[in-house]
Amino acid sequence: MHLNPYGEDVVNLAADLANQRPATPEELAGRCRAAGLVLEHPVTPQDLDRVHAVLEAWEEVVDATDEHERADLVNRMLAESAAYPRLTDHARNGWHLHYRDDRQPLGSVLFALISVGTALHLVGRGMHRLRRCAVTECTTIFADTSRTGRQRYCSQRCANRDAVRRHRASRAVNRPPAPTLR
């Protein structure tokens, strides 16, 4: 997977995996391939366990309450996962940077990709542009890649649901009291 300058592809993959955790190594492999990741080794149960642990740490980043806490958490992930950048053409599809050692299992590859991709996304787009949906009962994580940086909902469906809820609440508040009969 080539990291774009803003880390958008990998944070979207991380959000996809966090929102619906893969249950089997085969499912993890399929979803990674669908996201454009070139798998160099068979995916093992250990990779699946490692990815689940990575996603737990990543969700702490998502749920951080301020920029400094978020930066500290990403920096810890980067220190633990990433190696010095290196040029590679391992898949023969063009030169690109890897932020990990060569020949790593998928769990380690995803740890490095998610750490570096999240850091690139946050510094390139804004430290606030990784969050959960604003609808209280929706816990879906998303990366805000909107032009304005004001995305509050994971989907149009949740945005519509919240708008209807706000509209109904304002009508209930502004409705005159019913007349009483005597």
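For the structure itself, consult the block above.
Please read these numbers as outputs of a predicted model, since none were measured by experiment.

### Brief notes about the overall build of the protein chain
Now for step 1: Helix and strand counts for the protein chain come out as six helices and four strands.
Now for step 2: For the protein chain, the α and β elements follow one another from N to C terminus as α-α-α-α-β-β-α-β-β-α.
Now for step 3: A globule of 182 residues ought to have a C-alpha radius of gyration of about 16 Å, yet the protein chain, at 20 Å, is considerably larger.
Now for step 4: Each of the three principal axes of the protein chain carries a C-alpha extent, and together these read 85 × 35 × 30 Å.
Now for step 5: Taken over 182 residues, the protein chain has a buried fraction of 39%.
Now for step 6: In the protein chain, the proportion of contacts linking residues at least 24 apart, taken out of those at least 6 apart, comes to 52%.
Now for step 7: For the protein chain, the exposed surface amounts to about 10800 Å²; the carbon and sulfur share of it is 51%.
Now for step 8: Each charge class in the protein chain was averaged separately, 25 positive and 23 negative side chains, and the resulting centres sit 12 Å apart.

### Topic: the packing of helix α1 (residues 8-19) against helix α3 (residues 45-62)
Each pair of packed helices can be summarised by the angle the axes make with each other and by the distance between the axes.
Now for step 1: Between α1 and α3, the least distance of the axes is 10 Å, while the angle of their chain directions is 110 degrees. The angle between α1 and α3 falls in the class roughly perpendicular. Across from Val11, Ala14, Ala15, Leu17 and Ala18 in α1, the residues of α3 making contact are Leu55, Trp58 and Glu59.
Now for step 2: Within the contact of α1 with α3, the residues separate by chemical class into seven nonpolar, no polar and one charged.

### Points about helix α2 (residues 25-34)
Now for step 1: For α2, the set of buried residues is Pro25, Leu28, Ala29, Arg31 and Cys32.
Now for step 2: Buried residues in α2 make contact with α1, α3 and α5 (106-125).
Now for step 3: Trailing α2 by a residue or two, Gly36 shows a phi angle of about 100 degrees, which is positive.

What counts and what doesn't
Residues numbered from 1 in each chain as written. Predicted model: local features only at pLDDT ≥ 70, side-chain atom pairs only at ≥ 80, totals over all residues. Heavy atoms only, no water. Helix = DSSP H or I, 4+ residues; strand = E, 2+ residues; numbered from the N terminus. Rg over C-alpha atoms; globule rule 2.2 N^0.38 Å. Buried < 20%, exposed > 50% of the residue type's maximum accessible area, 1.4 Å probe, protein only. Contact = heavy atoms within 4.5 Å. Areas by Shrake-Rupley, 256 points an atom, 1.4 Å probe, with all protein chains shown as cover. Lys, Arg positive; Asp, Glu negative; His and termini not counted. Charge placed at Lys NZ, Arg CZ, Asp CG, Glu CD. Axes fitted to C-alpha atoms, helices over the stretch in contact; angles between N-to-C directions. Parallel < 35°, antiparallel > 145°, perpendicular 65-115°, else oblique. Nonpolar A, V, L, I, M, F, W, Y, C, P; charged D, E, K, R; others polar.

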